[in-house]
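# Report on the structure
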Amino acid sequence: MDYDLIIIGSGPGGYVAAIRASQLKMKVAVIERAELGGICLNWGCIPTKSLLKSAQVFDYLTHASDYGISVSGEVKPDFTAIIARSRSVAEGMSKGIQFLFRKNNIFHIKGNGKLISHDTVEVDEPDGTKKNYTAKNVILATGARSKELPNLKQDGKKIIGYREAMTLKKQPESMVVVGSGAIGSEFAAFYQSIGTNVTLVEFLPRIVPNEDEEVSKQLERSFKKMKMKVMTDSSVESVDTSGDKCRVTVKTPKGQEIIETDIVFSAVGVTTNIEGIGLEKTGVKTEKGKVIVDDFYRTNVNGIFAIGDIVHGPALAHVASAEGIICVEKMAGLDPEPLDYGNIPGCTYTNPEIASVGMTEAAAREAGYQLKIGKFPFTASGKASAAGAKDGFIKLIFDAEYGELLGAHMIGANVTEMIAEIVVARKLETTAHEIIKSVHPHPTMSEAIMEAAAAAYDEVIHL
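First things first, this report covers the structure right here in the doc. In this text the structure is predicted, and so the values were computed from the model without any measurement.

### Examining the overall build of the protein chain
Along the backbone of the protein chain there are 14 helices and 24 strands. Relative to its length of 463 residues, the protein chain is compact, with a C-alpha radius of gyration of 24 Å against a globular reference of 23 Å. Going through the 463 residues of the protein chain one by one, you find that 51% of them count as buried. A fraction of 61% describes how many contacts in the protein chain between residues 6 or more apart in sequence connect residues 24 or more apart. Counting only carbon and sulfur atoms, one obtains 51% of the accessible surface of the protein chain, whose full area is about 21800 Å².

This is the structure we're talking about:
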């Protein structure tokens, strides 16, 4: 065998699995057709946060007087420079993966990889040649791409996906964003913040529909305060791109509406990259576009594993990384604990940010729990007032009988940095009163977690 392990795909699942496998003394190769780091580092998680940081700095400057600062002269975004900075950040992260591969003696094979047997991968290399590599084990970590709908066929110019949204040559005056999940909401927030007139269209009754209903309502209020147009219970029926502008026909509860816009950004979800990687040839079973695996990411074919977006579970970078580590540790003969998919945090980097883990209030009630719910608004937080970031709240959901922390839902400044406290608390089976009695530093935004827990038991001090 050429290798102990070959991994197809170098995103947060693939590259993390490779490094952990190398630590466990495996000889590892990673096959990647594009930039190391996959979509997350190059076209997703990292560059979008760079864009959003630029938008935040612009927002600070335009509201400098709120903080007692006088800014002379016109403050305006340099769209080209913002995009260039974002690409530079992504390139730096990708180079960081190259360094980690060298440090951990991981072989990088450039090209398209596909299985031709349970232990052999054929690679179409950049020079047009084909070469076979063998391994005791193969992990499929090929990720996902932007989903396309028949009435939203992307042309890369007027109807775009996330890649084009990160590399536009010119800032559009107007944009229709279709889909209000994390991707759609983050891009809508970015473009609206820097001066593009954004219309956000969501098919379901509320935006960020996977979040707790109160979080959805707060984000919609915040978006409307930014002068963004939000259309829920609405769907894009067609887009006419024949003129200078796009004519978007939207079906709404009040009837049909035509919107003229420069750009239509489709953010209606992702679809898995499972075509052309040899699943049929090797007999690997799939279901509804996902590879079927067990708790340790073994497929039905001995020696073939799958992780990340192509298996069932949340399509999140940190989930793929955790799956990769569990997969290779089991492969190496260790005894890892299966991943608890009920305790996976989700973050949306809008303004304000959203972070959540566990059950929503509706899901907990549907499951039959009697609840104690504590909510603490940032309007009552000294740190939030000082920071000029009073939008949002912390909401904690407890089982009334045992005090178990069933879920947490946060919206506000920096909440994506605070959710890990709840993930650890739930992992350790922490109860409400243990949170209440854990002294939180003052003044911090995180005090709101302690206060929300206290509010659930009528012990809150600052409300």
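Once you've had a look at it, read on.
### A short note on the state of the cysteines
For the structure shown, the criterion picks out 1 disulfide. What pairs with Cys-40 in a disulfide is Cys-45, and their sulfur atoms sit 2.4 Å apart. As the torsion about the S-S bond is roughly -130 degrees, the Cys-40-Cys-45 disulfide counts as left-handed. Taking relative accessible area as the criterion, Cys-40 reaches 11% and is therefore assigned buried. Judged by relative accessible area, which is 30%, Cys-45 ranks as partly exposed. Of all cysteine sulfurs, the one in Cys-45 lies closest to Cys-347, which takes part in no disulfide; the gap is 11 Å.

### Here we look at unusual backbone geometry
Residue Asn-351 is joined to Pro-352 through a cis peptide bond whose omega torsion reads 5 degrees. Along the chain, Pro-352 falls in the loop between β20 (346-348) and β21 (353-358). Of the consecutive residues His-442 and Pro-443, the connecting peptide bond is found in the cis state with omega at -5 degrees. Within the element layout of this structure, Pro-443 appears in the loop between α13 (432-436) and α14 (447-456). We note that Asp-458 has phi near 60 degrees; this positive angle belongs to a residue other than glycine.

### Looking at a nonpolar patch on the surface
Together, Val-57, Tyr-60, Leu-61, Tyr-67, Ile-69 and Val-71 give the surface a local cluster of nonpolar side chains, amounting to about 510 Å² of exposed area. Checked against the element boundaries, Leu-61 lands in helix α3 (residues 45-62). On the basis of relative accessibility, which here comes to 38%, the residue Leu-61 falls in the partly exposed class.

### Concerning the pattern of salt bridges
Where charged atoms of side chains with opposite charge meet at close range, the side chains can pair. In the structure shown here, the tally under the stated rule is 19 salt bridges. Note that Lys-375 and Glu-214 form a salt bridge whose closest N and O atoms lie 2.5 Å from each other. Of the two residues, Lys-375 sits in strand β22 (residues 371-377) while Glu-214 sits in helix α7 (residues 213-225), which places them 161 residues apart along the sequence. With its nearest N and O atoms 3.4 Å apart, the salt bridge here joins Arg-247 to Glu-260. Of this pair, Arg-247 sits in strand β13 (residues 246-252) while Glu-260 sits in strand β14 (residues 255-261), placing them 13 residues apart in sequence. Because the salt bridges share partners, they merge into one network encompassing Asp-212, Glu-214, Glu-361, Arg-365, Lys-375 and Lys-395.

### A word on the packing of α3 against helix α6 (residues 182-193)
Following both chains from N to C, one finds α3 and α6 inclined at 35 degrees, their axes separated by 9 Å at the closest point. Crossing handedness for the pair α3 and α6: left-handed. Across the interface between the two elements, Thr-48, Lys-49, Leu-51, Leu-52, Ala-55 and Phe-58 of α3 pack against Glu-186, Phe-187, Phe-190 and Ser-193 of α6. Looking at the contact of α3 with α6 residue by residue, the class counts come to 6 nonpolar, 2 polar and 2 charged.

### What about the environment of Val-239?
Looking at the secondary structure, you find Val-239 in strand β12 (residues 235-240). The exposure class assigned to Val-239 is buried, which follows from its relative accessible area of 18%. The spatial distance from the C-alpha of Val-239 to the C-alpha of Glu-260 is 9.7 Å, given a sequence separation of 21 residues. The contact partners of Val-239, leaving out residues within four places of it in the chain, are Asn-151, Leu-152, Ile-159, Cys-246, Arg-247, Val-248 and Val-264.

### Quick look at helix α12 (residues 419-427)
Helical periodicity: at 3.6 residues per turn, an α-helix aligns residues three or four positions apart in one direction. Those residues of α12 not exposed but buried are Ile-419, Ile-422, Val-423, Ala-425 and Arg-426. Buried residues along α12 cover an arc of 165 degrees about the axis, so they all sit on one side. Downstream of α12 by one or two residues, Glu-429 has phi in the positive range, about 60 degrees.

### A few points about the sheet that holds strand β15 (residues 263-266)
Read from one edge to the other, the open sheet built from 5 strands follows the order β8-β15-β9-β10-β11, with strand pairing classed as parallel. The open sheet has two free edges, formed respectively by β8 (159-160) and β11 (229-231), since each of these has just one partner strand. Summarising the sheet, strand β9 (residues 174-178) and β15 pair through 4 bridges and their orientation is parallel. Across the sheet, residue Val-178 finds its bridge partner in β15, namely Ser-266.

### With respect to the pairing of strand β10 (residues 197-201)
Most of β10 is tucked away, with 4 of its 5 residues classed as buried. Bridging between β9 and β10 involves 5 bridges; their strand directions are parallel. Within the sheet, the bridge partner assigned to Val-177 lies in β10 and is Leu-200. Here β10 runs beside β11; their pairing, made up of 3 bridges, is parallel. Opposite Val-201, over in β11, you have Met-231 as the bridge partner. Considered for its hand, the β-α-β crossover made up of β10, α7 and β11 is right-handed.

### Side note on the packing of aromatic side chains
Under the definition given, this model contains 7 aromatic pairs. Ring geometry for Phe-398 against Tyr-457: centres 6.0 Å apart, planes inclined by 65 degrees, an arrangement best described as edge-to-face. Of this pair, Phe-398 sits in strand β23 (residues 393-399) while Tyr-457 sits in the segment after α14, and the two are 59 residues apart along the sequence. A relative accessible area of 17% means that Tyr-457 is categorised as buried. Taken together, the ring pairs in this structure connect Tyr-3, Phe-107 and Tyr-133 into an aromatic cluster. Directly above the ring of Trp-43 sits Arg-87, whose terminal nitrogen or CZ lies 3.9 Å from the centroid.

Parameters at a glance
- Residues numbered from 1 in each chain as written.
- Predicted model: local features only at pLDDT ≥ 70, side-chain atom pairs only at ≥ 80, totals over all residues.
- Heavy atoms only, no water.
- Helix = DSSP H or I, 4+ residues; strand = E, 2+ residues; numbered from the N terminus.
- Rg over C-alpha atoms; globule rule 2.2 N^0.38 Å.
- Buried < 20%, exposed > 50% of the residue type's maximum accessible area, 1.4 Å probe, protein only.
- Contact = heavy atoms within 4.5 Å.
- Areas by Shrake-Rupley, 256 points an atom, 1.4 Å probe, with all protein chains shown as cover.
- Disulfide = S-S within 2.5 Å.
- Patch = residues over 30% accessible without salt bridge, like charges linked within 9 Å, V, L, I, M, F, W, Y side chains within 5 Å.
- Salt bridge = Lys/Arg side-chain N within 4 Å of Asp/Glu carboxyl O.
- Axes fitted to C-alpha atoms, helices over the stretch in contact; angles between N-to-C directions.
- Left-handed = near helix turned anticlockwise from the far one by under 90°.
- Nonpolar A, V, L, I, M, F, W, Y, C, P; charged D, E, K, R; others polar.
- Arc of directions from axis to C-beta.
- Pairing = 2+ DSSP bridges.
- Right-handed = clockwise from strand over helix to strand, strands pointing away.
- Phe/Tyr/Trp six-rings, centres within 6.5 Å; stacked < 30°, edge-to-face > 60°.
- Lys NZ or Arg CZ within 6 Å of the ring centre and 35° of its normal.

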